[in-house]
Amino acid sequence: MIILGIETSCDETSIGILKDGKEILTNKISSQIDIHKEFGGVVPEIASRHHIKNIVAVLEEALEEAKITLDDVDYIAVTYAPGLIGALLVGISFAKGLAYGRKIPIIPVHHIKAHIYGNFIESEITFPTIALIVSGGHTNIVLVTEKHEFINIGGTLDDAVGETYDKVARVLGIGYPGGPVIDKMYYQGDSSYLKIPEPKVGEFDFSFSGIKTSVINFVNQKKMKNESFKNEDIAASFQKKVVEILVKKSIKAAQEKNIKNIVLAGGVAANSLLRSELVSAGNKNGITITYPKFEYCTDNGAMIAMAGYHKLMTRGKECFAPLELNGVASLSMEYDI
Ligand code: KG4
Ligand code: ZN
């Protein structure tokens, strides 16, 4: 069984091909990071235009590497939401065209849930599990049940954690995306340099806007007074606090729900300190921690194909996008989580 996974929700045009729910034959990613870098963040209109420009070539390369043709594709999984509307529309319209032309069913995939399924690519995950979803747009603690239902336990009340990394990086002038740079700087700085306030929110909720503001204000004041500071010390203090909060809350959620495993998902799951601190907290508390390989942390088509596979396995044909208008698939972009 061959599933083609299409991802265009933000700044990566990606197509992954999954065989028999187990083997990733290819995971082609055309990243636009270098294009958006000069703007300090993703510019939606530019992202959509680049998806249009790249998607056919990405498909051709993916088919070539997987050594298959479109005739071998049984299902098309495509991100339907959440994401930038124009960017999503490129992937969805492309999927619809392929599906209509080739009579292949479409499995609509929720981008955030797909980040969780990215864990299945290299590991065996058992449900129920607690999932800590940390990306540029989301920060949630979710309980995934045996029936693959997603129950939101808590989430951010303002900024997402990845977005906060990117904004802190912007004020420090260290480039976009901020996560990987701050992650590296952490090891060169003094994490006790800056006291960052603990947000006062519900047990499983997050708030990052106060943290962001305290870092930005500190940096701006230093600049105004012409006082010197090291970017590494700010990066280290910021990362230490953020990771401490993420780890504490997800372990607490697992304990409260009596669940023995936590999976990490989303772009920020690539963070080295988050991975190591969560593993050591897991070891202390008898909780198994799983996270995806780096390639499957940030946006990619392989995780979309894997999520499509599990949707098909749990829901059968019911999960196909309904057909309307002479056989063209119809996809609603409303979403939950
Ligand atoms: O999941 P993703 O690729 O896109 C969204 O769906 O949002 O996540 C992108 C986010 C960016 O904010 C980026 O700064 C962050 O993931 N990120 C990291 C790291 N690598 C990427 N954050 C912290 N540490 C990292 N190593
Ligand atoms: Zn993502």
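For clarity, every value in this text was computed on a predicted model and none was experimentally measured. In this convention, every chain numbers its residues from 1, walking through the sequence in written order. Here chains are named by letter from A upward and ligands by number from 1 upward, in the order in which they appear as written. Reporting in this predicted model follows two pLDDT cut-offs: at least 70 for local features of residues, and 80 or more for side-chain atom pairs to be given and counted; totals over whole chains, interfaces and linings ignore these cut-offs and use all residues. The side-chain figures draw on all heavy atoms in the structure; neither hydrogens nor water molecules are used.

Caption draft 1: Here's a closer look at the nonpolar core. In this text, buried Ala, Val, Leu, Ile, Met, Phe, Trp, Tyr and Cys residues form a nonpolar core when linked through side-chain atoms within 4.5 Å. A simple rule labels every residue: compare its accessible area, found with a 1.4 Å probe on the protein chains alone, to the largest value its type can have, and call it buried under 20%, exposed over 50%, or partly exposed in between. Ranked by internal contacts, the top residues of the largest apolar core, which has 48 residues, are I130, F238, L246 and L274. Strands here mean DSSP runs of E at least two residues long; helices mean DSSP runs of H or I at least four residues long; both are numbered from the N terminus. Considering every element that reaches this core, the biggest residue donor is helix α8 (residues 231–256), with 12 residues. Those residues in contact with F238, other than ones at most four positions away along the chain, are T164, Y165, V168, I182, I196, I211 and V215. Core analysis: the second largest hydrophobic core is formed by 33 residues, V109, A131, V142 and A305 among them. The contact definition used throughout considers only heavy atoms, calling two residues in contact when any of these lie within 4.5 Å.

Caption draft 2: Focus on the domain arrangement of the protein chain. The domain limits used here are those given by an automatic or database domain assignment. We note that the domain assignment places domain 1 (2–117 + 297–331) and domain 2 (124–291) within the protein chain. Of the residues lining the interface, 17 residues belong to domain 1; the matching set on domain 2 comes to 18 residues. We define buried area as the total accessible area lost by two parts upon association, computed with a 1.4 Å probe and summed across both. Both faces combined, the contact of domain 1 with domain 2 buries some 1500 Å², and carbon together with sulfur accounts for 75% of it. When the buried area of domain 1 at its contact with domain 2 is split by residue, I112, I116 and C297 rank highest and sum to 39% of it. Think of a salt bridge as a Lys or Arg side-chain nitrogen and an Asp or Glu carboxyl oxygen that are within 4 Å of each other. Our count for the contact surface shared by domain 1 and domain 2 stands at 0 salt bridges. Two N or O atoms count as a polar contact when they lie within 3.5 Å, although within protein this holds only if one can serve as hydrogen donor and the other as acceptor, and sequence-adjacent residues are included solely when both atoms are side-chain atoms. Along the contact surface separating domain 1 from domain 2 lie 3 residue pairs in polar contact (both at pLDDT 80 or more). At the level of elements, α1 (33–37), α4 (111–117) and α10 (301–315) are the ones that each hand at least two residues to the side of domain 1 that touches domain 2. In terms of residues, the side of domain 1 that touches domain 2 owes the most to one element, α4, which gives 5 residues.

Caption draft 3: Spatial organisation of the site of ligand 1. Near is defined per residue: the residue qualifies when any heavy atom it owns lies within 4 Å of the molecule or strand. Taken together, 20 residues sit near ligand 1, with G136, D166, G179, G267 and N271 positioned nearest. G137 has a polar backbone atom sitting 3.4 Å from an oxygen atom of ligand 1. Within the side chain of D299, an N or O atom sits 3.2 Å from an oxygen atom of ligand 1. Only the protein chains shown count as cover for residues, and all accessible areas are computed by the Shrake-Rupley method using a 1.4 Å probe. When ligand 1 is considered free in solution it has 560 Å² of accessible area, and contact with the protein chains removes 89% of it. Residue assignment for the shell around ligand 1 shows that the elements contributing at least two residues are α4, α5 (161–172) and α6 (178–186). No other element matches the 4 residues that α6 contributes to the shell around ligand 1. Basically, the charged four are Asp, Glu, Lys and Arg, the nonpolar ten are Ala, Val, Leu, Ile, Met, Phe, Trp, Tyr, Cys and Pro, and anything else, Gly included, counts as polar. Within the shell around ligand 1, the residues separate by chemical class into 5 nonpolar, 12 polar and 3 charged. Inspection of the shell around ligand 1 shows a minimum of three residues originating in each of domain 1 (2–117 + 297–331) and domain 2 (124–291).

Caption draft 4: Representation of the side chain of K241 within the structure. With respect to the element layout, K241 can be found in helix α8. Beyond its immediate stretch of four places on either side in the chain, K241 contacts I196, P197, E198 and I211.

Caption draft 5: Representation of the coordination of the zinc ion (ligand 2) within the structure. Donor atoms from the polypeptide that coordinate the zinc ion (ligand 2) comprise H111 (NE2), H115 (NE2) and D299 (OD), at 2.0 to 2.1 Å from the metal. Note: metal donors comprise N, O and S atoms at 2.8 Å or less from the metal (3.2 Å for Na, K and Ca); water molecules are not included, so apparent gaps in a site are possible. Donor residues for the zinc ion (ligand 2), ordered by position in the chain, follow H-x3-H-x183-D. Residue H111 is found in helix α4, and its partner D299 is found in the loop between β10 (288–290) and α10; the two are separated by 188 residues along the sequence. Looking at H111, the relative accessible area reads 6%, which means it is buried.

Caption draft 6: Quick look at the sheet that holds strand β4 (residues 75–81). If you walk across this open sheet you meet the 5 strands as β3-β2-β1-β4-β5, and the pairing is mixed. Taken across any chain shown, the strands that pair with only one partner, and hence form the sheet edges, are β3 (23–31) and β5 (106–110). The mean angle between the axes of side-by-side strands here comes to 20°, regardless of whether they run parallel or antiparallel. One ladder, built from 8 bridges, connects strand β2 (residues 12–19) with β3; its direction is antiparallel. Across the sheet, K19 pairs through a bridge with E23, a residue of β3. With axes taken as lines fitted to C-alpha atoms, and helix axes fitted only over the stretch in contact, angles between N-to-C directions fall between 0 and 180 degrees. Strand contacts of helix α2 (residues 44–66): β1 (2–7), β2 and β3, with the helix running at about 25° to β2, the strand carrying the most contacts. Seen against the sheet, α10 touches β1, β2, β3, β4 and β5 and runs at an angle of roughly 125° to β1. For two strands to be treated as a pair, DSSP must find at least two bridges joining them.

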